[in-house]
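What follows is each chain in one-letter form.
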Amino acid sequence: MSVLSNKDLFISAVNLDHTGNYTCYDIGRPHVVITRQLIVKVKPVVRTNKVGHILEGASTSLKCHADGVPQPTTEWQVGQYKVPHDTQRYEWSKGNGTLTILSPSGQIDSGDYTCIGKSVTAWSTSTTNLGILPLDLYLQDDDVKSKGTYLVFHESGYTAYEPEHCFTKHSVDKHAADFISNLQEPSNTLDSLCSYEDGCDWGVAINVDNKYVYVSQPSLYRILVINVRDNLRPQHVMPLKHKPTSIAYMKETDELWVLVGNQYQFQTVMILSDASKGPYMPLTSLLPHFSIFDAVEELFVPRLTAFNTTSRYAFSSHFDQHGLSRLDTATMTYNGALDLTEWKCKVLQLHYLAIGGLALAQCEHGNFNLLLDTVINSVVSKFQSGELYVSHNTRYIVAVEKPSTLTVYYLNDNATLVEMYKHVLHMSIGEVRFMNSEEAESYNLAVTSLDGNSLIFLMSKSEKTLY
């Protein structure tokens, strides 16, 4: 953003971060002000689940999720025709875009199913293919394995599971004799997957473009790279001079950001470019350019949102300081500091919100949190105290005040946080997780008790308890 010679405000590339109120002041007459509201609209982003082949007669659900500003509606078509409202053959959810085919027949129901997300701004589509196999045809193993992969890292190695049927697709033991032969690059061999004495010490695992999983091994001072696209085996080892304490992935720039150091005195940021192409570029450091990044305590990197957008700015906190340093990820330049000394806020977590360039800073002391504007690098206001949880589309925010109170907020199209409700549970709250709602384009909240013996489900839009 810049102010032109005629005093007009110019925004070169408008995005969701620019949603908000803009006020013009007359310097000579402070009482003369003009405020204009800018609402940025985004074309719907539509996603459908991969179905593949099913057996004839077995009901199946085609799931569609659409995000956008404003929130889009969804409808289905098969081939070139709209799915008919035949309740004997189809069942629609009340609002979350799921289409259930009750008793599919190969001759009628096989084909391409397209979900259309529509809003007043535009429309988008996503297509999934459904194949119906006769009952007497054996379901091939490859068809079953097309549901994806779930990696579990444990002290004895790691195991890859198929998430729907939960069968083991591959496993690598910490002392696997074939581990070296599993490596596709002999120059990067190692004795074992993990330490012989202590077992596996895993840090953070990051999935990059469904091709590679980068997982840190702090005690071994390295990052292990697993090829999840081809064989689920270790492919590469990235040795480090310092212990890796955190990893983050910037999808928009295809960069892996690694925080390395000893967590107490010295930590700096290393960056791997072209991470989706494999770990073949050298790691570069921010330290030679910006000495402020030699004492990083925590690194807060924006992630790709449900709208396929991301914030331009990354932030870092530093040892023995109340504040954040801002880094422009587009130019890779230090872009100023945000002093939080007045607020006595040491930032534990930074939750980026998709609209308005806002972010929620969770403060260590717990008395309150802060709402930040990442575009102009300033504090907007105090925010609800407690531990914060943010949904994938960043529309819903839950603040948990121990022991038993949670407050739900909604981020509207105007970049305003609106309190939906406050609820006091009859238990001490442990954690909160967001689950896709079967009722509408929102979420259900899964709330566990502190002792782990109770589980309650709430709706994010209302105070209604599901079960």
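The structure this text deals with has already been given above.
The following refers to the structure shown. Note that the structure is predicted; figures quoted are calculated from it, not measured.

1. Here we look at the overall build of the protein
For the protein, the helix and strand inventory stands at three helices and 40 strands. Expressed as a percentage of its 467 residues, the buried residues of the protein come to 46%. Long-range contacts, defined here as pairs at least 24 residues apart, represent 42% of the contacts in the protein between residues at least 6 apart. As displayed, the protein offers around 23800 Å² of accessible surface, 50% of which is attributable to carbon and sulfur atoms.

2. Focus: the packing of aromatic side chains
Per the stated rule, a full pass over the model turns up nine aromatic pairs. Ring centres of Trp343 and Phe368 lie 6.4 Å apart, and the angle between their planes is 70 degrees; this geometry places the pair in the edge-to-face category. Pair noted here: Trp343 is in the loop between strand S29 (333-339) and strand S30 (347-352) and Phe368 is in the loop between strand S31 (358-363) and strand S32 (369-373), with a separation of 25 residues, a long-range link. Through a chain of ring-to-ring contacts, the aromatic side chains of Tyr396, Tyr410, Phe434 and Tyr443 assemble into a single cluster. The ring of Tyr313 carries Arg326 above its face, with NZ or CZ at 4.0 Å from the centroid. Its guanidinium or amino end placed over the ring of Phe368, Lys382 lies 4.5 Å from that ring's centre, counting from NZ or CZ.

3. Details of a nonpolar patch on the surface
On the surface, a cluster of nonpolar side chains totalling about 410 Å² of accessible area is made up of Met1, Val3, Leu9 and Ile376. Take Leu9: it is sitting in strand S2 (residues 9-10).

4. A few points about the state of the cysteines
In the structure shown here, the tally under the stated rule is three disulfides. Paired by a disulfide, Cys194 and Cys200 hold their sulfur atoms 1.9 Å apart. Torsion about the S-S bond of the Cys194 and Cys200 cystine: about 90 degrees, corresponding to right-handed handedness. The exposure class assigned to Cys194 is buried, which follows from its relative accessible area of 2%.

5. Quick notes on the sheet that holds strand S34 (residues 387-390)
An order of S34-S35-S36-S37 is seen for the four strands of this open sheet, with the pairing classed as antiparallel. With one partner strand each, in any of the chains shown, S34 and strand S37 (417-424) form the two edges of the open sheet. The sheet shows a mean angle of 20 degrees between the axes of neighbouring strands, direction not considered. Sheet topology places strand S36 (residues 405-411) next to S37; seven bridges connect them, and they run antiparallel. Looking across to S37, one finds that Val408 is bridged to Tyr421.

6. Description of the sheet that holds strand S12 (residues 99-101)
Each strand in a sheet pairs with its neighbour through backbone hydrogen bonds, running either in the same direction (parallel) or in the opposite one (antiparallel). The strand order across the open sheet formed by three strands is S7-S12-S11, and the pairing between neighbours is antiparallel. Edge positions in the open sheet fall to strand S7 (60-62) and strand S11 (90-92), since each of these has one partner strand only. Averaged over neighbouring strand pairs, the angle between their axes works out to 25 degrees when direction is ignored. Bridge analysis of S7 against S12 gives three bridges, and the strand direction is antiparallel. Bridge pairing in S12 places Ser61 opposite Thr100.

7. What to know about the pattern of salt bridges
Within this structure, the stated rule accounts for eleven salt bridges. Notably, a salt bridge pairs Asp67 with Arg47, separated by 3.8 Å at the nearest N-O pair. With Asp67 in strand S8 (residues 64-69) and Arg47 in strand S5 (residues 42-48), the pair connects residues that are 20 residues apart, well separated along the chain. Residue Lys118 pairs with Glu75 through a salt bridge whose shortest N-O separation is 3.5 Å. One end of the pair, Lys118, is in strand S13 (residues 111-118); the other, Glu75, is in strand S9 (residues 73-78), with 43 residues separating them in the sequence. Look at Lys118 and you get partly exposed, because its relative accessible area is 36%. Taken together, the shared-partner salt bridges in this structure form one network comprising Asp209, Lys211 and Lys251.

8. Re the nonpolar core
Formed by 19 residues in total, the largest nonpolar core has its most connected members in Leu16, Leu353, Ile355, Leu360, Phe383, Ile397 and Leu417. Elements represented by at least two residues in this core include exactly S31, strand S35 (396-401) and S36. When residues no more than four places from it in sequence are discounted, the contact partners of Leu417 are Leu353, Leu360, Leu371, Phe383, Ile397, Tyr409, Tyr410 and Leu411.

9. Points about the side chain of Thr60
As for its position among the elements, Thr60 is in strand S7. Residues in contact with Thr60, not counting those within four places in the same chain, are Val51, Ile54, Leu99, Thr100, Ile101 and Leu130.

Criteria and cut-off values
- Residues numbered from 1 in each chain as written.
- Predicted model: local features only at pLDDT ≥ 70, side-chain atom pairs only at ≥ 80, totals over all residues.
- Heavy atoms only, no water.
- Helix = DSSP H or I, 4+ residues; strand = E, 2+ residues; numbered from the N terminus.
- Buried < 20%, exposed > 50% of the residue type's maximum accessible area, 1.4 Å probe, protein only.
- Contact = heavy atoms within 4.5 Å.
- Areas by Shrake-Rupley, 256 points an atom, 1.4 Å probe, with all protein chains shown as cover.
- Phe/Tyr/Trp six-rings, centres within 6.5 Å; stacked < 30°, edge-to-face > 60°.
- Lys NZ or Arg CZ within 6 Å of the ring centre and 35° of its normal.
- Patch = residues over 30% accessible without salt bridge, like charges linked within 9 Å, V, L, I, M, F, W, Y side chains within 5 Å.
- Salt bridge = Lys/Arg side-chain N within 4 Å of Asp/Glu carboxyl O.
- Disulfide = S-S within 2.5 Å.
- Pairing = 2+ DSSP bridges.
- Axes fitted to C-alpha atoms, helices over the stretch in contact; angles between N-to-C directions.
- Core = buried A, V, L, I, M, F, W, Y, C linked by side-chain atoms within 4.5 Å.

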